[in-house]
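Spelled out from the first residue to the last, the chains are:
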Amino acid sequence: MNDDIDRDRPMDIGDALRDREETLAVAESCTGGLIGAAITAIPGASDYFDAGLTTYAYDAKRRHLGVSREALDEHGAVSEPVAREMARGVRDVTDVTWGVATTGVAGPTGGTEADPVGTVYIGVAYAGPWGSDASFASVSRYVFDGDRAAVRAKTVDRALEDLLEAIDER
């Protein structure tokens, strides 16, 4: 998949983060490190990319990102609350400006009526300057068509697009 990565969006993200002297970390579940791979495929990514955590299991989400047991118990890993906690968690544990998180059902099994295969939640969290009340976390839900590889690839593209839109709005 690395050869199929659209390098334009990661380059745009890198340019925007470098210009603003901001940093990024990602927490990935259903994408398994593919967002980090897309970002680091660009030379000079070390200027702004701090870390990529693949937190696939419930315990990994709790242990490395501080996702609450309550959010996991009440909503499940594939949910808006968990995506939000993952994005905030990776932002805060790595002490970066931007955190991006993905959690979803890539398939071919695991879907439910409420969250069919292809359902993905993407979280983006921003750390504003202390005392500015500018920090936020947003989550979007998507349902992508295709097999496991297609769902994962579409999730990477959408996560990068969501991040770039959030950066441009700041």
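Structure: above.
Source: prediction; values computed, not measured.

Thresholds applied
Residue numbers run consecutively from 1 along every chain, following the written order of its sequence. For a predicted model such as this one, the threshold for reporting local features is a pLDDT of at least 70, and the threshold for listing and counting side-chain atom pairs is 80 or more; totals across whole chains, interfaces and linings nevertheless cover every residue. For the side-chain quantities, the full set of heavy atoms in the structure was used; hydrogens and water were omitted. Two rings from Phe, Tyr or Trp (for Trp, the six-membered ring) form a pair when their centres are within 6.5 Å of each other. A pair whose planes differ by under 30 degrees is stacked, one over 60 is edge-to-face, and the rest are tilted. Segments assigned H or I by DSSP are reported as helices when at least four residues long, segments assigned E as strands when at least two residues long, and all are numbered from the N terminus. Summary of the burial criterion: residues with accessible area below 20% of their type's maximum are buried, those above 50% are exposed, and those between are partly exposed, where the area comes from a 1.4 Å probe applied to protein chains only. Side-chain atoms within 4.5 Å link the members of a nonpolar core, which is a set of buried Ala, Val, Leu, Ile, Met, Phe, Trp, Tyr and Cys residues. Think of a polar contact as two N or O atoms within 3.5 Å of one another; within protein, one of them needs to be a possible hydrogen donor and the other a possible acceptor, and neighboring residues in sequence only count if both atoms come from side chains. Here a residue-residue contact requires only that any non-hydrogen atoms of the pair lie within 4.5 Å. In this scheme, a helix's expected span is set at 1.5 Å multiplied by one less than its residue total.

S.K.: Any chance you could break down the packing of aromatic side chains for me, citing the residues and the numbers?
M.R.: Taken as a whole, this structure holds four aromatic pairs when the rule is applied. Arranged with centres 4.7 Å apart and planes meeting at 45 degrees, the rings of Trp98 and Tyr126 form a pair that is tilted. In this pair, Trp98 sits in strand E3 (residues 98-104) while Tyr126 sits in strand E4 (residues 119-126), placing the two residues 28 residues apart along the sequence. Judged on exposure class, the residue Trp98 and its partner Tyr126 are both buried. These aromatic residues form a ring-pair network of at least three members: Trp98, Tyr126 and Phe136.

S.K.: Account for the nonpolar core, naming residues and giving values.
M.R.: Judged by nonpolar contacts, the single largest core of 32 residues is most densely connected at Ile13, Leu24, Ile39, Trp98 and Leu163. Of all elements in the fold, only helix H1 (8-20), strand E1 (24-28), helix H2 (34-40), E3, E4 and helix H6 (148-169) reach the threshold of two or more residues within this core. For this core, the element with the highest residue contribution is H6, accounting for eight residues. If you look at the next biggest cluster of nonpolar residues, it comprises 16 residues, including Ala51, Leu72, Met86 and Val90.

S.K.: Lay out the side chain of Thr94 with the relevant residues and their values.
M.R.: Its location among the elements puts Thr94 in helix H5 (residues 80-94). Judged by relative accessible area, Thr94 falls into the buried class, the value being 16%. From its side chain, Thr94 meets the backbone oxygen of Val90 in a polar contact 2.4 Å long. In this structure Thr94 touches Ala25, Asp50 and Ala51, once residues within four positions along its chain are discounted.

S.K.: An account of H6 is requested, with residue identities and associated values reported.
M.R.: Quick reminder: α-helices carry 3.6 residues per turn. Residues three or four places apart thus point the same way. Under the 1.5 Å per step criterion, the end-to-end length of H6 is 31 Å for 22 residues, consistent within 8% with the ideal 32 Å. Residues Val151, Thr155, Val156, Ala159, Leu160, Asp162, Leu163, Leu164, Ala166 and Ile167 constitute the buried set of H6. For H6, the secondary structure elements touched by its buried residues are H1, E1, H2, E3, E4 and strand E5 (136-143).

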